[in-house]
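Report on the structure
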Amino acid sequence: MRREKCVITENKEIAPHHYVMRLSSPRIAKNAKPGQFVQILCADSFDPLLGRPFSFLTADSQTISILYQVVGKGTKILSSLKKGEALWVLGPLGNGFAAGKREEVRGKRKILVGGGVGIPPLYHLAQKFKSEKETAVHIFLGAKNKKLLLCEKEFKKLGVKLHLATDDGSKGHKGFVTELLDDFLVDSSQKSVVRAKQLKDFLPDTCLLSTDYSIYACGPTPMLKAVSMIAQKYEIPCEVSVEVPMACGFGACLGCAVKTGDSRQKTGVRYSIACTEGPVFEAKDIVWD
C-alpha cells in the first residue's frame, strides 16, 4: 500500500456521466490485482474531506485507470480535471479476485458477470485471464440501456465471449443480466447431461457444472444476490465484489461492514470489513438480507 501524488494522463467521458481516468503511478500499478481498489482524494482541500474508492479498470507497468460515474461532489470534481493535473492516490487496497489458494479449485471456464460501474474490475480480471491463455471466458454485462453498456468494445478486443442484457431491450437480452446467465447455465447443464449419458456416466444435473465453471461478479447488491443464488443452484464456485461505502479504505472507520456466515459465533454470523477482508468475498459466505 502506497500513497503518492499521481499525474492525470487522460480523463475522458465514455458514456453519459461516466468517465475513464488514467493516472501515472508505476509503484501502485505494478502491485495492482483485479478486484483491488484505490482511494483517491478528489481535491487538495477539506471539501470533500475523504477519498473515494475506485476499482482498477486497468493496471500496467506505468499507469492505472479507473472508470467512474458522476454521482456527487467528489466525482463531479474529478470529471472537471485535466491532463497534467495531479491527485493523491492510496493503494492498492483490499483483496481481489481469485486470491491465494481459492483459484486452485476453480473451474476452467470463466464466467464474469457485471452491472453498471461494477464492470471495471471484471475488465481487469478478463485481461488477466486472457494473458494466462484462458480461452473459455464468458462476459455477461447488464445495464439500463445500450448507452450504459460500459467497456463493450474493450471486451470484444480481448476476444472473450460477450453476452449482453439491457433493461429496455435496446441491446441484447431484454431484462436482467442474471436471467441471461441462468438461461446460459440451463443450456450448458442440458448439454452436460447429454455428454454424460453418452459416456454412460450420468450424474444429477446440479453436479454437472461445478467442475466446469467458476463465476466472478461485481455490481449492485440485488444483482450479486441473484448471481449468488444461481451459483448455489448449479453448485458453481462464485466470488463477488461487493459495492459498499468505504470511507477510509484500510479498516479504521469500520463503515463498510458486510454480514457473513461464521459458525464460530453463537449467532452464526459476523460482520466482515469489506475494505480489508474484501471487497471480494466467496458468495456462499455472505448473508444476503
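Residue indices follow the written sequence of each chain, beginning from 1 at its first position. Residues qualify for local features only when their pLDDT is at least 70, as the model is predicted, and side-chain atom pairs are given and counted only at 80 or more; totals for whole chains, interfaces and linings, by contrast, use all residues. The basis for every side-chain value is the complete set of non-hydrogen atoms in the structure, without hydrogens or water.

1. Digging into the overall build of the protein
Note the cut-off: Helix numbering and strand numbering both begin at the N terminus, where a helix is a DSSP run of H or I of at least 4 residues and a strand a DSSP run of E of at least 2. Exposure classes here rest on a 1.4 Å probe applied to the protein chains alone. A residue is buried below 20% of its type maximum, exposed above 50%, and partly exposed in between. A contact between two residues is defined here by any heavy atoms of the two lying within 4.5 Å. Surface exposure here means Shrake-Rupley accessible area, sampled with a 1.4 Å probe, where a residue is shielded only by the protein chains that are shown.
Per the secondary structure count, the protein includes 8 helices and 16 strands. For the protein, the residues scored as buried account for 48% of the 289 residues in total. A fraction of 65% describes how many contacts in the protein between residues 6 or more apart in sequence connect residues 24 or more apart. Taken as a whole, the protein presents about 14,200 Å² of accessible surface, with 54% of it coming from carbon and sulfur.

2. Digging into the nonpolar core
The cut-off we apply is this: Grouping buried Ala, Val, Leu, Ile, Met, Phe, Trp, Tyr and Cys residues that are joined through side-chain atoms within 4.5 Å yields what is termed a nonpolar core.
Formed by 35 residues in total, the largest nonpolar core has its most connected members in Ile111, Val113, Leu185, Ile215 and Val240. When residues in this core are grouped by element, the largest group, 6 residues, is from helix α7 (residues 221-234). Of all hydrophobic cores here, the second largest spans 27 residues; its members include Ala98, Ile139, Leu148 and Tyr216.

3. A word on a nonpolar patch on the surface
To be explicit about the condition: Grouping into patches uses exposed residues only, defined as over 30% relative accessible area, and leaves out salt-bridged ones; the cut-off is 9 Å for like charges and 5 Å for nonpolar side chains (Val, Leu, Ile, Met, Phe, Trp, Tyr). Counted as salt bridges are all cases of a side-chain nitrogen of Lys or Arg within 4 Å of a carboxyl oxygen of Asp or Glu.
A cluster of nonpolar side chains, namely Phe46, Leu49 and Leu50, defines an oily patch on the protein surface of about 370 Å² accessible area. Assignment of secondary structure puts Leu49 in the loop between β3 (37-41) and β4 (52-55).

4. Section: the pairing of strand β7 (residues 86-93)
Convention followed: For two strands to count as paired, DSSP must find a minimum of two bridges between them.
With respect to burial, β7 is a largely interior element, 6 of its 8 residues being buried. The sheet contact formed by strand β1 (residues 2-15) and β7 spans 6 bridges and is antiparallel. Residue Arg3 lies in a different strand from β7, and its bridge partner there is Leu90. Note: β3 against β7, 4 bridges, orientation antiparallel. In the strand pairing of β7, Leu41 is matched with Trp88.

5. Some thoughts on the sheet that holds β7
We apply this condition: Between N-to-C directions, angles cover 0 to 180 degrees, with each direction set by a line fitted to C-alpha atoms, over the stretch in contact for helices.
In space, the 7 strands of this open sheet follow the order β4-β3-β7-β1-β2-β6-β5, with antiparallel pairing throughout. Edge positions in the sheet fall to β4 and β5 (58-59), since each of these pairs with one other strand and no more. The sheet contact formed by β3 and β4 spans 4 bridges and is antiparallel. The residue bridging Val38 from the neighbouring strand is Phe54, located in β4. Strands β1, β2 (18-24), β3, β4, β6 (63-69) and β7 of the sheet are contacted by helix α2 (residues 73-80), whose axis makes an angle of about 125° with β6.

6. Examining unusual backbone geometry
In this structure, the amide linkage connecting Gly91 to the following residue, Pro92, adopts the cis form with an omega of -10°. Structurally, the position occupied by Pro92 is in strand β7. Residues Gly278 and Pro279 are joined by a peptide bond in cis, for which omega reads 10°. Checked against the element boundaries, Pro279 lands in the loop between α8 (274-277) and β16 (280-282). Despite not being glycine, Glu235 has its phi angle at roughly 55°, a positive value. When you line up the elements, Glu235 lands in the loop between α7 and β13 (238-241). Since its relative accessible area comes to 41%, Glu235 is described here as partly exposed. Phi is positive for Leu254, which is not a glycine, with a value near 60°. Position of Leu254 relative to the elements: it lies in the loop between β13 and β14 (257-261).

7. Structural notes on α7
Defined as follows: In a helix, the anticipated span is given by 1.5 Å times the number of residues less one. In this description, one arc is meant: the one made by directions from the helix axis to the C-beta atoms.
The terminal C-alpha atoms of α7, which comprises 14 residues, lie 20 Å apart, in line with the 20 Å expected from a rise of 1.5 Å per residue. Of the positions making up α7, those classed as buried are Met223, Leu224, Val227, Ser228, Ile230, Ala231 and Tyr234. Considered in projection along α7, the buried side chains sweep an arc of 165° and stay on one side of the axis. Within α7, the exposed residues directed more than 90 degrees away from the buried face are Pro222 and Gln232.

Such coordinate-based values are descriptive only and should not be taken to indicate function.
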